[in-house]
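# Observations on the three-dimensional arrangement
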Amino acid sequence: MSARAPLALGPRERLIVALDESTGDEALAWVDRLGDAVQFYKIGMELLASGEYFRVLDELARRDKRVFVDLKFFDIPATIAGVVRGLSRWPVSYCTIHGWHAGMMEAAAAAREGDMRLLAVTVLTSMDGKDLHSMGINGEPADIVVQRALAAQAAGIDGVIASGQEAAGIRAATGAGFDIVCPGIRPGGPVGDDQKRTVGVAEAFAHGATAIVVGRPIRQAADPRAAAEAMQAEIAQALI
C-alpha cells in the first residue's frame, strides 16, 4: 500500500484551526465568529467527550469547511483497520493515528477509502528530549521524528504530524509528495504553555510544512478573526 498524493489545498486551507471546545455549540460558535477567515478545522478529543462530535463534523461539511479528525488512534491492527474504514464514510480530509507500529499503520493504510488522508503522529509537540528519554526512547526528537516519518511513509501513510522544528528534516528524508502538518505554532514565540517545540508561521512553511494547526493563539487573541486573517496573510507571503 503506497501513500496517496498530498491533499490538494488552496492557500487559505493551509491554516487549520483547532476547535478544542467541550460542546458542539461552543465549537460552532467559533466557526461563526471566524467566518471566511478559516476554511479548515480540527476536531479532537475534547469535543468527542461532548457526544456531539459527528454533529459538528457534519455541520462543518455542510458549511464547505474541511475537517481534520484528530483522535490519534492507537490499537491493534484489526481495530485500527475497522475504525479507519468506518471513518472513511464521513467527509474527512485528515485523520491521525499514532506512528509507533508498522503493522498498525499498514492496516490503516489498507483500510482507508475515499479522499481521506492519514497522518501519523510522530512526537507530540508538548514533549522534548527529556520526555523521550524518560519513556525509554534513546534519541532526540529531531532524529526520532524523521525515523517515524520514514516508517509511516513506508507503511503507506500519507503524511505526519510534527513540529515545524523538524519539518525540514522530514521533507529532506521523505521528498515532496508527503504531507507535513505542524501544530505548536506560536507566532510571537514561546509563551510558557505546555507546547515545548514551537515555531512561527513563516518558519513552519520555510521548513516544508504543508499546513499548520493553530488553537490558542487565535482563540485567545483580542480579535480572533483578525488574528486568523493575519496568519492567512503570512501564509500567503510564505508560499510565494
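The name that an unreviewed UniProt entry assigns to the protein chain is Orotidine 5'-phosphate decarboxylase, with the source organism given as Pseudoxanthomonas indica. Annotation of the protein chain in UniProt includes, under Catalytic activity (unreviewed entry), the sentence "orotidine 5'-phosphate + H(+) = UMP + CO2".

Below, the discussion takes up the pairing of strand β1 (residues 15-18). The two faces of β1 match: L15 and V17 on one face and I16 and A18 on the other face are all buried. As defined by bridge partners, β1 adjoins strand β8 (residues 211-214) across 3 bridges and the pair is classed as parallel. Residue pairing for β8: L15 is matched across the bridge by I212. Tracing the backbone out of β1, into helix α1 (residues 24-34) and back to the parallel element strand β2 (residues 40-43) gives a crossover that is right-handed.

Among the residues of helix α4 (residues 77-87), those classed as buried are I80, A81, V84, G86 and L87. Buried-residue contacts for α4 involve α3 (53-62), β3 (66-73), β4 (94-98), α5 (102-111) and β5 (117-121).

All chains considered together, the criterion is met by 14 salt bridges. The partner of R55 in a salt bridge is D25, with the nearest N and O atoms 3.0 Å apart. Within this pair, whereas R55 is found in helix α3, its partner D25 is found in helix α1, the two being separated by 30 residues in sequence. Residue classification places R55 among the partly exposed positions, given a relative accessible area of 39%. Through salt bridges that share partners, D20, E21, K42, D70, K72 and R219 make up one connected network.

This paragraph deals with α5. In an α-helix there are 3.6 residues to a turn, and that puts residues three or four apart on one side. Taken as a whole, α5 has its buried residues at M104, M105, A107, A108, A109 and A111. At its buried positions, α5 is contacted by β3, α4, β4, β5 and α7 (141-154).

Calculation notes
- Residues numbered from 1 in each chain as written.
- Predicted model: local features only at pLDDT ≥ 70, side-chain atom pairs only at ≥ 80, totals over all residues.
- Heavy atoms only, no water.
- UniProt positions renumbered as here; feature names shortened; annotations may be inferred.
- Buried < 20%, exposed > 50% of the residue type's maximum accessible area, 1.4 Å probe, protein only.
- Helix = DSSP H or I, 4+ residues; strand = E, 2+ residues; numbered from the N terminus.
- Pairing = 2+ DSSP bridges.
- Right-handed = clockwise from strand over helix to strand, strands pointing away.
- Contact = heavy atoms within 4.5 Å.
- Salt bridge = Lys/Arg side-chain N within 4 Å of Asp/Glu carboxyl O.

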